[in-house]
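Examination of the molecular architecture
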Amino acid sequence: MSEQTQVSTFPRLNEPAPEFEAVTTHGVLRLSDFRDRWLILFSHPADFTPVCTTEFIAFAEIYPELQKRGVDLLGLSIDSVYSHIAWVRNIEEKTGVKIPFPVIADLNKEVATLYGMIQPGASKTEAVRAVFIIDPKGILRAMIYYPLTTGRNMDEILRLIDALQTSDQYGVATPANWRPGDKVIVPAPKTVDAVDVTPKPGYEVIDWYLVKKELK
Amino acid sequence: MACVNPDGTLTPSALAVLKAVKQAPQTAEALAALVGLPLFRVRSSLRELREAGLLIESGGVYHLTPQGEETLKKQG
């Protein structure tokens with residue numbers, strides 16, 4: 001006996017994020033509607049579940065910081081739009097937190113399948129906790145997958161946005177545990193001639209391939 | 001359609017977009033600033049209003065159609 005399953009595809013970094021049109025709590029939206037701004041597309045397993053509720057509140061809490069950075073939020077789960085509406089109303093009623101971002105009602109799993117959010121080892125019916133960061137040109141710049149049991153860390157999501165925007169603005173990379181204001185990494189030289197270990201003000205030369213500098 | 005209420009009338013945000021276009025043809029970006037809605041919401045509304053025949057788009061600028069004028073007279 002054969003069992004038919006939807007085969008998930010996985011988007012790839014630095015390639016265009018797969019386009020979609022979906023029913024959301026804010027009407028029918030396309031990925032391209034978010035063009036010219038950064039977008040965090042994230043999935044949660046199900047409405048009216050405890051970890052997801054804490055995450056929705058946490059996403060709503062960082063929403064003003066995201067807006068300052070030119071970032072929109074778009075949620076998704078395999079639930080109906082009526083369930084989404086009831087849940088966000090319930091969250092506001094019980095906690096006073098208004099959910100300001102749209103949520104995709106992906107009942108046919110079309111978007112979830114396109115973005116590899118359905119991972120049968122975790123659940124055949126629910127999306128895992130995925131996060132996709134898409135830049136203003138529609139390019140997928142980062143993705144994170146968390147299991148059903150573990151709520152995401154909003155500090156890390158904000159840090160990742162700050163790091164990507166800093167890399168784009170200054171043409172640099174960022175070291176482990178980097179925070180805005182910390183030194184950044186100068187791209188390593190790619191030829192022998194480009195190697196430069198001359199001390200310069202504002203630069204920290206650990207070796208020719210690891211040079212940090214302050215951003216001014 | 002998110003722009004149209006179940007009774008066939010336009011939603012407040014759709015009406016705001018139509019009224020702004022009536023003042024002067026606008027781009028999506030200018031409309032978002034004028035009506036105070038996120039750009040993605042405005043783009044979605046513009047698509048639906050265009051499909052409903054109330055707006056036309058030319059070179060990224062949206063103009064009211066005679067049908068859009070008529071709708072505004074009735075509901076605006």
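Before reading on, note that the structure itself is shown above.
The text that follows walks through the structure, step by step, so that each part is easy to find. Counting restarts for each chain, with residues numbered from 1 along the sequence as it is written. Each chain takes a letter, starting from A, and each ligand takes a number, starting from 1, following the order in which they are written. Predicted model: local features are reported for residues with pLDDT of at least 70 only, side-chain atom pairs are reported and counted for 80 or more only, and whole-chain, interface and lining totals are derived from all residues. The side-chain numbers reported here are obtained from all heavy atoms of the structure, hydrogens and water having been left aside.

All names here are of chain A. Within the chain, Asp-36 stands out as a residue other than glycine whose phi angle is a positive 80°. Only DSSP runs of H or I reaching four residues or more are called helices, and only runs of E reaching two or more are called strands; each is numbered from the N terminus. On the secondary structure map, Asp-36 appears in the loop between strand S2 (27-30) and strand S3 (38-43). Only protein chains enter the area calculation, which uses a 1.4 Å probe; residues under 20% of their type maximum are buried, those over 50% are exposed, and those in between are partly exposed. Given the relative accessible area of 48%, Asp-36 is considered partly exposed. A positive phi angle is found at Asn-177, which is not glycine, with a value near 60°. Structurally, the position occupied by Asn-177 is in the loop between helix H4 (154-170) and strand S8 (184-186).

Another point: the pattern of salt bridges. All names here are of chain A. Within this document, salt bridges are pairs made up of a side-chain nitrogen of Lys or Arg and a carboxyl oxygen of Asp or Glu, the two lying within 4 Å of each other. Per the counting criterion, the structure on display carries 19 salt bridges over all chains. Asp-72 is paired through a salt bridge with Arg-37; the nearest N and O atoms lie 2.9 Å apart. Here Arg-37 lies in the loop between S2 and S3 and Asp-72 lies in strand S4 (residues 71-77), a separation of 35 residues in the sequence. Between Asp-162 and Arg-69 there is a salt bridge whose closest N-O contact spans 2.6 Å.

Moving on to the packing of aromatic side chains. All names here are of chain A. Classification of ring pairs rests on two measures: the distance between centres of Phe, Tyr or Trp rings, Trp counted by its six-membered ring, which must be within 6.5 Å, and the angle between planes, read as stacked under 30 degrees, edge-to-face over 60 and tilted in between. Counting across every chain of the model gives eleven aromatic pairs over all chains. Judged by centre distance (5.7 Å) and plane angle (65°), the rings of Phe-42 and Phe-56 are edge-to-face. In this pair, Phe-42 is assigned in strand S3 and Phe-56 in helix H1 (residues 50-68), connecting sequence segments 14 residues apart. On the basis of relative accessible area, Phe-42 is assigned to the buried category, the value being 0%. Given the relative accessible area of 0%, Phe-56 is considered buried.

Moving on to helix H2 (residues 81-95) of chain A. Residues three or four positions apart in an α-helix share a direction because the helix packs 3.6 residues into each turn. All names here are of chain A. In this scheme, a helix's expected span is set at 1.5 Å multiplied by one less than its residue total. Taking 1.5 Å per residue as the helical rise, H2 with its 15 residues ought to reach 21 Å, and the 21 Å between its terminal C-alpha atoms agrees with that figure. Here H2 has its buried residues at Val-81, Ser-83, His-84, Trp-87, Val-88 and Ile-91. For H2, the angular spread of buried residues about the axis comes to 155°, placing them on one side. Opposite the packed face of H2, turned more than 90 degrees from it, sit the exposed residues Tyr-82, Arg-89, Glu-93 and Lys-94. Should any heavy atoms of two residues lie within 4.5 Å, those residues are considered in contact. Where the residues of H2 are buried, they touch strand S1 (21-24), H1, S4 and strand S5 (103-105). Of the residues one or two after H2, Gly-96 is the one with positive phi, at around 80°. An arc is given here, and it is the one of the directions from the helix axis to the C-beta atoms.

Here we come to the sheet that holds strand S9 (residues 203-207) of chain A. All names here are of chain A. One open sheet accounts for three strands, arranged S8-S10-S9; its pairing is antiparallel. Of all the strands in the sheet, the pair left with one neighbour each is S8 and S9. In this sheet, neighbouring strand axes are inclined to one another by 30° on average, regardless of whether the strands run parallel or antiparallel. Pairing of S8 with strand S10 (residues 210-213), which is carried by three bridges, proceeds in the antiparallel orientation. Any two strands between which DSSP finds at least two bridges are classified as paired. To obtain each axis, a line is fitted to C-alpha atoms, and for helices this fit is confined to the stretch in contact; angles are then taken between N-to-C directions over 0 to 180 degrees.

Attention shifts here to the side chain of A:Asp106. Residues and elements named next belong to chain A. Positionally, Asp-106 belongs in the loop between S5 and helix H3 (110-114). All tallies of charge rest on Lys and Arg as positive and Asp and Glu as negative; His and the ends of each chain are not included. Despite being buried, Asp-106 has no salt bridge partner; Lys-109 is the closest side chain of opposite charge, sitting 8.9 Å away. A polar contact is formed between the side chain of Asp-106 and the backbone nitrogen of Ala-112, at a distance of 2.7 Å. In protein, a polar contact means a hydrogen-donor-capable atom and an acceptor-capable atom, both N or O and within 3.5 Å, with residues adjacent in sequence counting only if both atoms are side-chain atoms; elsewhere, any N or O pair within 3.5 Å suffices.

Further remarks concern the packing of helix H1 (residues 12-23) of chain B against helix H3 (residues 39-51) of chain B. Residue and element names in this part refer to chain B. Closest axis-to-axis distance for the H1/H3 pair is 10 Å, and the angle between their directions is 80°. The orientation of H1 relative to H3 falls into the category roughly perpendicular. Residues Ser-13, Ala-14, Val-17 and Leu-18 of H1 lie in contact with H3, whose contacting residues are Arg-41, Leu-46 and Leu-49. Split by residue class, the contact of H1 with H3 holds five nonpolar, one polar and one charged. Oblique is the label for every angle not falling under 35 degrees (roughly parallel), over 145 degrees (roughly antiparallel), or within 65 to 115 degrees (roughly perpendicular). Only Asp, Glu, Lys and Arg are considered charged, only Ala, Val, Leu, Ile, Met, Phe, Trp, Tyr, Cys and Pro nonpolar, and every remaining residue, Gly among them, polar.

It is worth spelling out the interface of chain B and chain A at this point. Taken together, the nine residues of chain B in the interface contact 13 residues of chain A. Together chain B and chain A conceal approximately 930 Å² of surface at their shared face, both sides included; 50% is due to carbon and sulfur atoms. Summed over both partners, buried area is the accessible surface (1.4 Å probe) that two parts give up on being assembled. Area buried by chain B at its contact with chain A is led by B:Phe40, B:Arg43 and B:Arg47, which between them contribute 62% of it. The salt bridge partner of A:Asp36 is B:Arg43, with a shortest N-O separation of 2.6 Å. The tally of links between chain B and chain A comes to six residue pairs in polar contact (both at pLDDT 80 or more). Top element by residues in the side of chain B that touches chain A is H3(B). It accounts for seven residues. Its residues assigned to classes, the side of chain B that touches chain A comprises three nonpolar, one polar and five charged.

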